[in-house]
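As a plain string of letters, each chain reads:
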Amino acid sequence: MLPVLLIGDFALDLIYSDTIFQPLAGGSVFNVASLLRKHNIDVCFISRVGTDLPGKILLKQVIKLGIPENTVLQDDNFQTSAAFCEYDSEGKAHYSFYKDKKDFILPDEKLWNRKFSLFHMGSSFAFSQTSFAAVMKVCDAMIKHKVPITYDINLRKIPTDAEKERIFKLMNKAQIIKGSDEDFNFLYGTSEKKIIMNKIVSGNNKIGIITFGKSGAFLFSKSDSYFAEPNKIIKNAKSIGAGDSFMAGIIIFYQKNFSFDNLEKLGQFANNIAVDFLLANGCVQ
């Protein structure tokens, strides 16, 4: 089976709780790659780290997961991304990000400009001015090779007009577009499902996914729709990685079926992967 290609930020997450910081390898796209590896799916993860201590810690995690490290660029003049995080009383994560503004340069073309089963991109790395050109170059290569593209918008705040323009260009490249109701509200000024559906699928063969946190996810195409409700109620659920695990479920389903056509089965499968992730991270039913 061909591997999945992913491109995104690689960050050291520092989770603050009871006066203690817990360091974890993070970044939305890396979280997806990590979960794919735990389901024995081969991946090629394009990112970058510095040669600083956080970068060395992250590279150890790549090796541990069996992800090829030659596509994770090491740069002496780059400071590895970091994210400080604290949960509120409802289990929602609040972040402070620290990122280097140096332009991203793709690794050797032989490492990524080839056939993959699927290409996944997302988060601020995809639309950032420093990395957008590289992401678009990979998108065009994947389209040339007829590789399906998935895009997780994953915003943290209202994007600028320039960022919106880049986001819409990325959406035009993708076959599957996922975002939370908050993400789409940032983009379109509304969380109304019908408006979002018309924006995404009008005149295009695309699938949209709107996630509603613990309430489930709405999947839709031009001809079909399905609301996937969680099959279990999870208490004390932490939000870090929950949406990424759902996205990983979408990709795992495709790896098993080579199709996105059945939205009901797709949504149910992704929900099950997300629930299993939450339970494995110390939450209770």
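The shown structure was predicted, so the numbers you read here are calculated from the model rather than taken from an experiment.

**Concerning helix α4 (residues 132–144)**
Residues three or four positions apart in an α-helix share a direction because the helix packs 3.6 residues into each turn.
Inference 1: Between its terminal C-alpha atoms α4 stretches 18 Å, which fits the 18 Å expected from 13 residues at 1.5 Å a residue.
Inference 2: Those residues of α4 not exposed but buried are Phe132, Ala134, Val135, Met136, Val138, Cys139, Ala141 and Met142.
Inference 3: On its buried face, α4 sits against β1 (4–7), β8 (118–122), α3 (123–127), β9 (149–152) and α5 (161–173).
Inference 4: Immediately beyond the C-terminal end of α4, within one or two residues, lies lysine 146, with a positive phi of roughly 60°.

**Considering helix α9 (residues 263–280)**
Inference 1: If you check α9, its first and last C-alpha atoms are 26 Å apart, about what 18 residues at 1.5 Å a residue would give, namely 26 Å.
Inference 2: Buried within α9 we find Leu263, Leu266, Gly267, Ala270, Asn271, Ile273, Ala274, Val275, Phe277 and Leu278.
Inference 3: Those residues of α9 that are buried are in contact with α1 (28–38), β11 (207–211), β12 (217–220), β13 (225–228) and α8 (242–257).
Inference 4: The backbone nitrogen of glutamate 264 has a side-chain oxygen 3.2 Å away, supplied by the residue at the start of α9, namely asparagine 262.

**Here we look at the sheet that holds strand β4 (residues 43–50)**
Inference 1: With respect to topology, nine strands assemble into an open sheet ordered β5-β4-β1-β8-β9-β10-β11-β12-β13, the strand pairing being mixed. Each of the sheet's edge strands pairs with one partner strand only, and the pair in question is β5 (72–75) and β13. Here the average twist between neighbouring strands, direction ignored, is 15°.
Inference 2: Pairing geometry for β1 and β4, over four bridges, is parallel. Bridging across to β4, leucine 6 finds its partner in phenylalanine 45.
Inference 3: Sheet strands touched by α4: β1, β8 and β9. Its angle to β8, the strand with the most contacts, is close to 160°.

**Brief notes about the side chain of arginine 48**
Inference 1: Secondary-structure assignment places arginine 48 in strand β4.
Inference 2: Of the side chains bearing the opposite charge, aspartate 75 lies closest to the buried arginine 48, which forms no salt bridge; the N-O distance is 5.7 Å.
Inference 3: In this structure the side chain of arginine 48 is engaged in a polar contact, spanning 2.7 Å, whose partner is the backbone oxygen of lysine 102.
Inference 4: Here aspartate 103 takes part through its backbone oxygen, which lies 3.1 Å from a polar atom of the side chain of arginine 48.

**Regarding the sheet that holds strand β6 (residues 81–87)**
Inference 1: On the basis of which strands lie adjacent, the open sheet formed by four strands has the order β3-β2-β6-β7 and mixed pairing. Edge positions in the sheet fall to β3 (20–26) and β7 (93–98), since each has one partner strand and no second. Going from strand to strand, the sheet's axes swing by 25° on average, the running direction of each strand aside.
Inference 2: As paired elements, strand β2 (residues 11–17) and β6 share six bridges and run parallel to each other. Each bridged residue has a counterpart across the sheet, and for isoleucine 15 the counterpart in β6 is cysteine 85.
Inference 3: Here helix α2 (residues 53–65) sits on the sheet and contacts β2 and β3; the angle it forms with β2, its principal contact strand, is near 100°.

**Things to note about the nonpolar core**
Inference 1: Residues Leu6, Leu36 and Ile250 are the most contacted members of the largest nonpolar core, which totals 45 residues.
Inference 2: If one sorts the elements of this core by residue count, α8 sits on top with eight residues.
Inference 3: When near neighbours in sequence (up to four residues on either side) are disregarded, leucine 36 contacts Val4, Leu6, Ile41, Val43, Ala248, Ile251 and Ile252.
Inference 4: In this structure, Met121, Phe125, Val135 and Met136 belong to the second largest nonpolar core, which totals 41 residues.

Rules used in this analysis
Residues numbered from 1 in each chain as written. Predicted model: local features only at pLDDT ≥ 70, side-chain atom pairs only at ≥ 80, totals over all residues. Heavy atoms only, no water. Helix = DSSP H or I, 4+ residues; strand = E, 2+ residues; numbered from the N terminus. Expected span 1.5 Å × (residues − 1). Buried < 20%, exposed > 50% of the residue type's maximum accessible area, 1.4 Å probe, protein only. Contact = heavy atoms within 4.5 Å. Polar contact = N/O pair within 3.5 Å; in protein donor to acceptor, adjacent residues only side chain to side chain. Pairing = 2+ DSSP bridges. Axes fitted to C-alpha atoms, helices over the stretch in contact; angles between N-to-C directions. Lys, Arg positive; Asp, Glu negative; His and termini not counted. Salt bridge = Lys/Arg side-chain N within 4 Å of Asp/Glu carboxyl O. Core = buried A, V, L, I, M, F, W, Y, C linked by side-chain atoms within 4.5 Å.

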